[in-house]
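Secondary and tertiary structure notes
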Amino acid sequence: MQSTPSQSTLSFRRLIGTSMAAKLLVDIGAQIFNPFLPVIAAGLGMSVVELGRLVGLRSAMGIFAPVSGALSDRHGYRVVIRGALLLSAAGFFLLGVSTSAWMVVLAMILSGLGISAFVPNLQAFISSRLAYNLRARGLGMIEYSWALTGIFGLSAVGFLMAATGWRTPFFVLAAGMVIMSFVFGAMPGIQRSRPAPPEPGAARPSWRARVAAVVVVDSNRRSTYATILAGALSYFAAMQVMIAHGAWLAEQYGLEAAALGAVAFVLGWFDLTASVSVSLFTDRIGKKRSVLIGIIGSLFGYLLMPALNVGVVAAVLIIGVARGFFEFNIVSHFPLLSEQAPAQRGQVMTLGAAVSLVGATVAGFTGPWLLVNYGVAALAWSSAGIVTVSLLTVYFLVQERPETH
């Protein structure tokens with residue numbers, strides 16, 4: 001197991017501050033298509049459905065996240081985190097200069113590989129350094145970046161697009177990620193989470209053993225896999241609405257780039273409220289209970305969306321309610337998952353990210369398609385049905401912690 005460094009080696013303040021700054025850039029890149037899908041699609045000469053599919057392709061790169069976990073085990077978290085930031089930077093720069101479909105596809109692949117590797121490895125690293133009764137606080141603080149993305153990041157992106165064009169924010173993101181990769185490089189060494197690989201000359205494991213090392217959990221299997229499944233279902237349900245809500249508001253209420261950035265600002269406050277609530281209360285009330293509260297709240301939000309789609313204010317507020325409860329759910333989910341199989345934490349966190357991003361891939365196809373062909377009701381109620389399955393999975397199959405702990 002990975003040893004915990006002393007505060008003089010890597011202080012909590014430096015760890016949290018650096019992680020939040022880097023994750024803010026990554027989260028802006030991850031969310032930029034949600035409010036600005038129609039603006040970016042128009043700039044690329046695509047329809048929102050076509051670009052939504054390419055966003056789904058980006059999310060599909062999450063299937064390779066467990067590979068990054070294996071690399072972390074071998075080489076340490078810092079190497080993987082830096083590499084993920086540089087991959088993301090390359091993808092966003094390429095998207096900013098894209099003039100053809102193949103360039104957009106390659107940009108989505110590169111940024112998808114980077115984002116899917118960065119987030120779970122950062123979460124695994126933070127989890128390995130925090131006691132379980134403090135873990136929701138630490139991970140909740142890291143997730144403030146997701147909320148700040150809406151409050152400051154995406155609203156700034158909207159104004160920047162309105163002033164200079166849709167390409168400029170991608171260049172800014174790429175530059176910021178390169179800078180943060182050097183900041184992580186200057187941090188004290190982050191040790192391996194598992195013992196070093198066998199000495200040269202030792203028998204190489206078979207391909208079956210390599211696959212098993214990525215996907216097989218040795219202990220607490222039912223609860224671990226159920227936690228992963230529930231998180232993926234919740235993520236899929238939320239991403240359907242997130243990826244389509246910009247097109248929804250643009251089509252029905254005529255919102256353009258600056259106004260969509262203002263909507264992101266409002267939604268960011270719902271995210272921030274949820275993340276702060278996790279950091280304040282989830283360690284006290286329990287991770288599983290917090291996840292259930294978040295799922296139930298988002299379920300009601302999805303069910304009420306069609307009825308409240310009567311004006312832009314009401315529509316934005318109900319989107320915010322559903323999104324805020326989803327955020328409370330998913331931020332509580334991270335510490336819950338981190339303790340399901342502590343001896344395989346890096347593997348479990350990256351496996352969870354991979355399955356969730358598969359859900360996001362499907363949502364990139366289904367969200368815009370449902371909105372365009374069947375309207376808001378089909379979009380919202382399908383998410384409600386999916387999140388109901390997540391609720392039942394958590395309630396009946398997930399343990400707060402393994403019984404041996």
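Before reading on, note that the structure itself is shown above.
Since this is a predicted model, take the numbers as computed values, not measurements. (Residues numbered from 1 in each chain as written. Predicted model: local features only at pLDDT ≥ 70, side-chain atom pairs only at ≥ 80, totals over all residues. Heavy atoms only, no water.)

**Topic: empty space enclosed by the protein**
Per the counting criterion, the structure on display carries three cavities of 30 Å³ or more. Counted as a void, the largest cavity has a volume near 530 Å³. Contributing to the lining of the largest cavity are 32 residues, with Val119, Trp146, Tyr235, Phe334 and Leu357 lying nearest its centre. When contributions to the lining of the largest cavity are tallied by element, the ones reaching two or more residues are helix 1 (12-31), helix 3 (48-60), helix 6 (101-128), helix 11 (221-253), helix 14 (312-338) and helix 15 (345-374). Residue composition of the lining of the largest cavity, by class: 17 nonpolar, 10 polar and five charged. Forming the walls of the second largest cavity are Ala238, Val241, Met242, His245, Leu267, Tyr302, Met305, Ile319, Ala322 and Arg323. Mapped by element, the contributors of at least two residues to the lining of the second largest cavity are helix 11, helix 13 (287-308) and helix 14. Broken down by class, the residue content of the lining of the second largest cavity amounts to eight nonpolar, one polar and one charged. (1 Å grid on protein atoms, 1.4 Å probe; cavity = no way out; pocket = protein on both sides within 12 Å on 5 of 7 lines; lining within 4 Å. Points joined across faces, edges and corners; volume = space filled by probe spheres on them. Helix = DSSP H or I, 4+ residues; strand = E, 2+ residues; numbered from the N terminus. Nonpolar A, V, L, I, M, F, W, Y, C, P; charged D, E, K, R; others polar.)

**Quick notes on the packing of aromatic side chains**
Within the structure shown, the criterion is met by nine aromatic pairs. Look at Phe92 and Phe170: their rings are 6.2 Å apart centre to centre, the planes differ by 25°, and that puts the pair in the stacked class. Taken together, the residues span a long stretch of sequence, with Phe92 in helix 5 (residues 77-96) and Phe170 in helix 9 (residues 168-185) at a distance of 78 residues. Summarising the aromatic geometry, the rings of Phe118 and Phe184 are spaced 6.5 Å apart at their centres and angled 85° between planes, so their arrangement reads as edge-to-face. Of the two residues, Phe118 is situated in helix 6 and Phe184 in helix 9; the sequence distance between them amounts to 66 residues. Of the residues examined, Phe118 reaches a relative accessible area of 0% and is grouped as buried. Judged by relative accessible area, Phe184 falls into the buried class, the value being 0%. Positioned above the aromatic ring of Phe182 is the side chain of Arg82, whose terminal nitrogen or guanidinium carbon lies 5.7 Å from the ring centre. (Phe/Tyr/Trp six-rings, centres within 6.5 Å; stacked < 30°, edge-to-face > 60°. Buried < 20%, exposed > 50% of the residue type's maximum accessible area, 1.4 Å probe, protein only. Lys NZ or Arg CZ within 6 Å of the ring centre and 35° of its normal.)

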